Amino acid sequence: MQFTFNEEQDQLRATAQKFLADKSPTVEVRRIMATTEGYDPAVWTQLSSELGFTATHIPEAYGGLGLSYAELGIVFEEMGRSLLCAPFFATSLAATAVMNVATESEKSDLLPNIATGNRIATFAVFETAGKWGSDSIKLSAENNRLNGIKRYVLDGHIADLLIVVARTNDGNESDGIGFFLIDGNAPGLRRRLVNTVDATRKLSELEFVDVTARRLGGDGDQTAKLEDTLDLAAIALANEMVGGAQRLVDETVKYAVERIQFGRAIGSFQAIKHKCADMLLDVEMAKSAAYYAAAAAASHDPELPALASLAKASASEAFTRIAAECIQIHGGIGFTWDNDTHLWFKRAKSSEVFFGDPTYHKEQLINRWQH
Amino acid sequence: MDPISAKQLRQELRAWLESNWDPNASLIEWRTKLTESGWGMPTWPSQWFGKDLPQALNPIVEEEFARINAVTVARTGIRLLAAATILEHGNDDQKSRYLPRILTGEDTWCQLFSEPGSGSDLAGAITRADFDGTHWIVNGQKVWTTSAHHADHGLLLARTNWDAPKHDGLSYFVIDMHQPGVSVHPLKQMNGHASFNQVFFTDAVVAPENQVDRIGNGWKVAMTTLMHERRSADALRTVHRDHDLTGRIYDEERDETATVMEPYKWYPQRAGRVDLVFERASETGKIDDVVVRQAIAELMIKARTAEWTARRARAAQQQGRPQGPEGSLGKLAASHVARQASKVHTMISGSDSMLEGEDGPLAGLIAEILVSVPATSIAGGTDEIQRNIIAERVLGMPKEPRMDTGPFRDVMKNPGPAA
């Protein structure tokens, strides 16, 4: 297992950092999060077709860069640090789903357009609040016609392509979970942008009434593929979260050193210093888990499911604790709309319950280690 | 001289070991050979019992010794901290007098730094050394001294100037522990063990030639000792030999290891014994309790991420990359792991957590965990001091305003012998 980043990976991080610092300062985050689309098409074009971030983990045979999940983790971490508003997570996750289930010809058909960013894609899986496992899928697929509801769909309101997880109901023994592809403007699909606490992540609710879909990856139960996709999503999210958490640690320390009360910088008080040291410990431990899980995904480690849960639980708790302490140390100004810290606080909240909250993942962790 | 190649080194050492290694030699006889030949501490200067070997080649030496189960020079306890300090700050006479007997294991050492009145604030030591014209006369008390009861020499940090600022009034000495002015008493801990000692000095005597470095430079010398303590886990490093190895030298080595390691027998319990958690949860049936499962998961997350964080630090170091903040966090992480483990063991054992000895779970082992864990967040620097270090050195945050500047005589202190 690799415990440091190599030179190419450092280079990738530097490129992403530079680009994102330039394109996603908080003034831009605030501008874009107030729009319905939730992204800037010019920036999207640059980050996808020019810099290839959307192509990171897609194999070269399908127009991607052929890098591993370790590199994808780096990109996610930097996206989280800069709070980039763009359908990156949605599109990258849809690519993961396609790579996991689709046939060669389906991959050749779909992945090149995702890699270049020509198509914004998303992955529609969750239906019920507080249910994140494959057993919670109820949306019905009968003769490739979808009926039901999907909720908490990332960028579902703008996606050109949707990969939808459904429960097949064809009367076969192989009935179970299936992955389906539909267009964003498919007849019978109703999409509604929902109001979210974290305006940097656009979520939508999708209603399916007899929507004709294309099954991906042929017949047969795809439960295992779904679980693998969800694990990889949790790992990507964990890496995104540690990026955001590190940004908050940096901002907090900067503020504590600048802010004067009682004739001295508040950062010279042990009450504040100790909180900052704990925040650093939290983020570094969570990083270790996120990096380890990403490296495990890159090397197809059999322990991957447990590691995904570990990384997600660790990142969720670290990020929410750090976000709360960050606002606390900022004091009154930290509770104002004009101060930027709430942007990450809200991202921490939305990330905490996305793809499984810490309680869910801790149970999964024990469950997966027991079996 | 050209630098030696890895291949040459291996050949040369192999040949030397072939003609010299004898499992039936006495420990001291063999280690004397190692010391005289330089193969005992090959990275030391050739002038001082070493071979000027670059650190990067040392693993080859370790491999060759391990390959034939050859015994090394004495490394356990604080011997090597003493050796490193004397090598760096001692004069030629001190080096030739002390170093060989450290390496052969003939002499044992102890470290006399902490005092009842200065724990976290080590430089606030008030044990005093006064020069009477011919000797240094030592009065005061040290505490938390491992192995003082069988040590031949002590590394002593004492105050020689009360008018200088705190750090500048300290000096460093080697003190003979076998003298009437030195009295050693075991210090019983809350877990019932007595792994440390209190050492009392009443007009104890140090000859001027046992002053290390110059008077007033003691803090700097002590930092060298502590740096080596942090850098290496030597104090706890033991050789794990197969039990079936026979020969006089192995018997003697086993006796030596047993003596040195005796004080540390509860250390695994102090770290929380995470390794026992799944087994205990299964045999008690608590593994089916959803609340316990959450607590176990929290423990496992802490334990695994602490391990990976340490490995990130090591990997960066090995590649010669600048170490990130992960290197300073291990101790704080270990405290969190130990506390959570203690909590989980209590949840698993329930009412049995109240029982110890033969009445307690695992013949008292669980009870020993519960009453040993508090040491983890104190020993070797409290969590609070660790947080200060992390905040100031890693995050670059400002220090607290100091209250201990100016002549040490005027600095507020705990009650103790007057200046």
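Each value, and the rule that gives it
Residues numbered from 1 in each chain as written. Chains lettered and ligands numbered in written order. Predicted model: local features only at pLDDT ≥ 70, side-chain atom pairs only at ≥ 80, totals over all residues. Heavy atoms only, no water. 1 Å grid on protein atoms, 1.4 Å probe; cavity = no way out; pocket = protein on both sides within 12 Å on 5 of 7 lines; lining within 4 Å. Points joined across faces, edges and corners; volume = space filled by probe spheres on them. Helix = DSSP H or I, 4+ residues; strand = E, 2+ residues; numbered from the N terminus. Nonpolar A, V, L, I, M, F, W, Y, C, P; charged D, E, K, R; others polar. Domains from an automatic or database assignment. Core = buried A, V, L, I, M, F, W, Y, C linked by side-chain atoms within 4.5 Å. Buried < 20%, exposed > 50% of the residue type's maximum accessible area, 1.4 Å probe, protein only. Contact = heavy atoms within 4.5 Å. Axes fitted to C-alpha atoms, helices over the stretch in contact; angles between N-to-C directions. Parallel < 35°, antiparallel > 145°, perpendicular 65-115°, else oblique. Phe/Tyr/Trp six-rings, centres within 6.5 Å; stacked < 30°, edge-to-face > 60°. Lys NZ or Arg CZ within 6 Å of the ring centre and 35° of its normal. Polar contact = N/O pair within 3.5 Å; in protein donor to acceptor, adjacent residues only side chain to side chain. Buried area = accessible area lost by both parts, 1.4 Å probe. Salt bridge = Lys/Arg side-chain N within 4 Å of Asp/Glu carboxyl O.

## Examining empty space enclosed by the protein
Residues and elements named next belong to chain A. Within the structure shown, the criterion is met by five cavities of 30 Å³ or more. In this structure, the largest cavity occupies an estimated 160 Å³ of space. Broken down by secondary-structure element, the contributors of at least two residues to the lining of the largest cavity are α4 (69-82) and α5 (88-101). In terms of residue count, α5 provides more of the lining of the largest cavity than any other element does, three residues in total. A per-class count over the lining of the largest cavity returns ten nonpolar, two polar and five charged. Taken domain by domain, the makeup of the lining of the largest cavity includes at least three residues from each of domain 1 (7-115) and domain 2 (121-216). Its volume calculated, the second largest cavity comes out at about 90 Å³.

## Points about the nonpolar core
Judged by nonpolar contacts, the single largest core of 156 residues is most densely connected at L47(A), F123(A), L146(A), I182(A) and I296(B). Per-element accounting of this core gives the leading share, 17 residues, to helix α8 (residues 270-298) of chain A. Aside from chain neighbours lying at most four places away, what touches I296(B) is I366(A), V277(B), F278(B), A281(B), I287(B), V344(B) and I348(B). Listed in part, the 50 residues of the second largest apolar core include V71(B), L80(B), Y98(B) and L245(B).

## Quick look at unusual backbone geometry
We note that F262(A) has phi near 55°; this positive angle belongs to a residue other than glycine. Considering the arrangement of structural elements, one finds F262(A) in the loop between β9 (260-261) and β10 (264-265). For W144(B), which is not glycine, the phi dihedral falls at a positive 60°. Take W144(B): it is sitting in strand β3 (residues 136-146).

## Regarding the packing of helix α2 (residues 27-37) of chain B against helix α7 (residues 248-261) of chain B
For any two helices packed against each other, the geometry comes down to the angle between their axes and how far apart the axes lie. Residue and element names in this part refer to chain B. Where α2 meets α7, the axes come as close as 9 Å, and the angle between the chain directions of the two elements is 95°. Between α2 and α7, the angle is such that the two are roughly perpendicular. Between α2 and α7, the residues in contact are L27, I28, W30 and R31 and I249, E252, E253 and E256, respectively. For the contact of α2 with α7, the per-class residue count stands at four nonpolar, no polar and four charged.

## Digging into the packing of aromatic side chains
Applying the stated criterion to the full structure yields 27 aromatic pairs over all chains. On the numbers, 4.0 Å between centres and 10° between planes, the contact of Y292(A) with W308(B) is stacked. One end of the pair, Y292(A), is in helix α8; the other, W308(B), is in helix α10 (residues 290-318), on a second chain. By relative accessible area, which is 2% here, W308(B) ends up buried. Relative to W136(B), the ring of F131(B) has its centre 5.0 Å away and its plane inclined at 50°; by these criteria the two rings are tilted. Every member of this aromatic cluster is reached through a ring pair, and the members are F76(A), F88(A), F89(A), F126(A), F354(A) and F355(A). The ring of F269(A) has R264(A) lying over it, and the distance from NZ or CZ to the ring centre is 3.8 Å. Lying over the aromatic face of W39(B), K51(B) brings its terminal NZ or CZ to 4.7 Å of the ring centre.

## Brief notes about the side chain of H153(B)
All names here are of chain B. Inspection of the secondary structure assignment puts H153 in strand β4 (residues 153-159). In terms of polar contacts, H153 uses its side chain to reach the side chain of D107, at 3.2 Å. Every residue in contact with H153, bar those within four places of it in the chain, is listed here: Y98, D107, T108, W109, C110, V174, I175 and M177.

## Brief notes about the interface of chain A and chain B
The partner chain B presents 41 residues to the 41 residues of chain A that form the contact. Contact between chain A and chain B buries roughly 3,700 Å² in total, counting both sides, with carbon and sulfur atoms accounting for 65%. When the shortest N-O distance is used, the salt bridge between E284(A) and R312(B) registers 2.8 Å. Inspection of the chain A/chain B interface yields 15 residue pairs in polar contact (both at pLDDT 80 or more). Tallying contributions element by element places α8(A) first for the side of chain A that touches chain B, with 16 residues. A class-by-class count of the residues in the side of chain A that touches chain B yields 22 nonpolar, ten polar and nine charged.

## Topic: the pattern of salt bridges
Applying the stated criterion across every chain yields a total of 55 salt bridges over all chains. When the shortest N-O distance is used, the salt bridge between E363(A) and R293(B) registers 2.9 Å. Placement of the pair is E363(A) in helix α11 (residues 358-370) and R293(B) in helix α10, with the two residues belonging to separate chains. Judged by its relative accessible area of 7%, R293(B) is buried. Where D121(B) meets K166(B), a salt bridge forms, and the shortest distance between an N and an O atom there is 2.6 Å. On the criterion of sequence distance, the pair formed by D121(B) in the loop between β1 (109-112) and β2 (128-131) and K166(B) in the loop between β4 and β5 (170-176) is long-range, its members being 45 residues apart. Overall, the relative accessible area of 39% leaves D121(B) in the partly exposed class.

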